[in-house]
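This is what each chain is made of:
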Amino acid sequence: PVCHMAWSGDGSLFGDLWGALDFAGGTVVHINAGIAALVACILVGKRKGYPEHPLPPHSLTLTFIGASMLWVGWFGFNAGSAVAADGAAGMAMIVTQVATASAAVAWMVVEWMKHGKPSVLGIATGAVGGLVAITPASGSVGPMGAIAVGAASGIFCFWGATSLKQALGYDDSLDAFGVHGIGGIVGALLTGIFVAEGLGGQGLADGVSIPQQLWSQTKAVVFTIVYCGVLSFIILKIVDAIVAAAVAPK
């Protein structure tokens with residue numbers, strides 16, 4: 001439903017109503033998924049033993065392979081949104097590569113500063129955060145903007161997947177909110193800044209300033225958060241009433 005409201009034409013979030021920019025679905029895909037995951041984490045509850053006992057990934061090898069497959073597949077996700085083999089598709093592919101690498105490095109640096117060493121899991125997670133953040137911006141920003149979007153997403157996703165999660169106490173085992181939710185928000189907002197031609201982007205619409213575009217991005221982000229949060233809550237409550245959302249402990 002949110003995808004239809006975003007792209008359905010006249011009166012849509014990314015059409016004449018607000019003019020928000022989202023080239024490949026960062027708002028309606030990633031923020032949507034991240035908020036739904038957060039609501040699910042809160043309603044379903046924590047895993048047995050969390051957070052008293054460490055629950056690391058089963059296989060870092062498989063984690064790294066999966067992240068690498070995502071990185072490659074994302075070129076089709078972003079560049080393919082141009083629906084043509086043209087310059088827009090080529091630029092989307094370039095900025096996807098640049099932003100993802102920038103995010104992986106940013107996460108690695110922050111993790112190194114905080115914990116004294118980087119980790120393979122952290123670098124892989126940072127890369128996914130960069131992929132998420134550049135998704136809405138891939139048709140709007142240039143390489144320099146992609147570096148900034150990637151670096152910001154690496155830093156903020158690290159915060160979302162560590163400090164924010166610990167402070168709020170929810171159990172998000174795959175950091176769907178910390179990476180997809182936070183990364184999607186960062187990417188959607190920064191799209192409104194780095195789309196400016198003076199910052200290497202494709203340029204704003206006639207008569208639109210950076211603050212105006214940023215306001216449009218903010219409204220789209222807030223709407224998506226509220227809409228998806230409320231509907232996810234309702235759907236999960238219905239599921240819980242029918243089959244139970246959480247597995248009962250033995």
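Here the structure is shown first, and the text comes after it.
Being a predicted model, the structure only gives us computed values, none of them experimental.

Trainee: Residue-level account of the packing of aromatic side chains, with values.
Mentor: The full count for this structure, using the stated rule, is 4 aromatic pairs. Where Trp107 meets Phe158, the ring centres are 5.2 Å apart and the plane angle is 85°; that geometry is what we call edge-to-face. Note that Trp107 is positioned in helix H4 (residues 87-115) and Phe158 in helix H6 (residues 143-168), a separation of 51 residues in sequence. A ring pair is formed by Phe223 and Tyr227, whose centres lie 5.6 Å apart and whose planes are at 20°; its orientation type is stacked.

Trainee: How would you explain the packing of H4 against helix H5 (residues 120-137) if you had to name every residue and give the values?
Mentor: It is the contact of H4 with H5, at a shortest axis distance of 7 Å, that shows an interaxial angle of 140°. Between H4 and H5, the angle is such that the two are oblique. Relative to H5, the crossing made by H4 is right-handed. Here Val95, Thr96, Ala99, Thr100, Ala103, Ala104, Trp107, Met108 and Glu111 of H4 come into contact with H5, specifically with Gly122, Ile123, Thr125, Gly126, Ala127, Gly130, Leu131 and Ile134. Across the contact of H4 with H5, the residue classes tally to 10 nonpolar, 6 polar and 1 charged.

Trainee: Tell me about unusual backbone geometry, and please be specific about residues and values.
Mentor: For the peptide bond that leads from Tyr50 to Pro51, omega is 0°, which places it in the cis range. For Pro51, the position within the fold is in the loop between helix H2 (26-44) and helix H3 (60-79). Here Asp175, not a glycine, exhibits a phi torsion of approximately 55°, which is positive. Its location among the elements puts Asp175 in the loop between H6 and helix H7 (176-194).

Trainee: Lay out the nonpolar core in plain terms, naming residues and giving numbers.
Mentor: Counting 30 residues, the largest nonpolar core has Ile134, Val141 and Phe177 as its most contacted members. When near neighbours in sequence (up to four residues on either side) are disregarded, Ile134 contacts Asn78, Val95, Thr96, Ala99, Val141, Ala146 and Val149. In terms of nonpolar packing, the next biggest core, distinct from the first, is built from 7 residues, Ala67, Trp74, Val128 and Val132 among them.

The rules behind these values
- Per chain, residue numbering runs from 1 following the sequence as it is written.
- Only residues with pLDDT of 70 or above have their local features reported here, since the model is predicted, and side-chain atom pairs are shown and tallied only from 80 upward, although totals for entire chains, interfaces and linings are computed over all residues.
- Calculation of side-chain values draws on the structure's entire complement of heavy atoms; hydrogens and water are dropped beforehand.
- Ring geometry is summarised as follows: Phe, Tyr and Trp rings, the Trp one being its six-membered ring, pair when their centres sit within 6.5 Å, and such pairs are stacked at plane angles under 30 degrees, edge-to-face over 60 and tilted between the two.
- Each helix corresponds to a stretch of at least 4 residues labelled H or I by DSSP, and each strand to a stretch of at least 2 residues labelled E; elements are numbered beginning at the N terminus.
- A fitted line through C-alpha atoms represents every axis, and for helices the fit uses only the stretch in contact; the resulting angles, taken between N-to-C directions, go from 0 to 180 degrees.
- Roughly parallel means an angle under 35 degrees; roughly antiparallel, over 145; roughly perpendicular, 65 to 115; everything else is oblique.
- Less than a right angle of anticlockwise turn of the near helix away from the far helix marks a crossing as left-handed, whereas a clockwise turn marks it as right-handed.
- Two residues form a contact once any of their heavy atoms are found within 4.5 Å.
- Residue type decides the class: Asp, Glu, Lys and Arg count as charged, Ala, Val, Leu, Ile, Met, Phe, Trp, Tyr, Cys and Pro as nonpolar, and the leftover types, Gly among them, as polar.
- Buried Ala, Val, Leu, Ile, Met, Phe, Trp, Tyr and Cys residues that are joined via side-chain atoms within 4.5 Å together make up what is termed a nonpolar core.
- For every residue, the accessible area obtained with a 1.4 Å probe (protein chains only) is divided by the maximum for its type, and the residue is called buried under 20%, exposed over 50%, and partly exposed between those limits.

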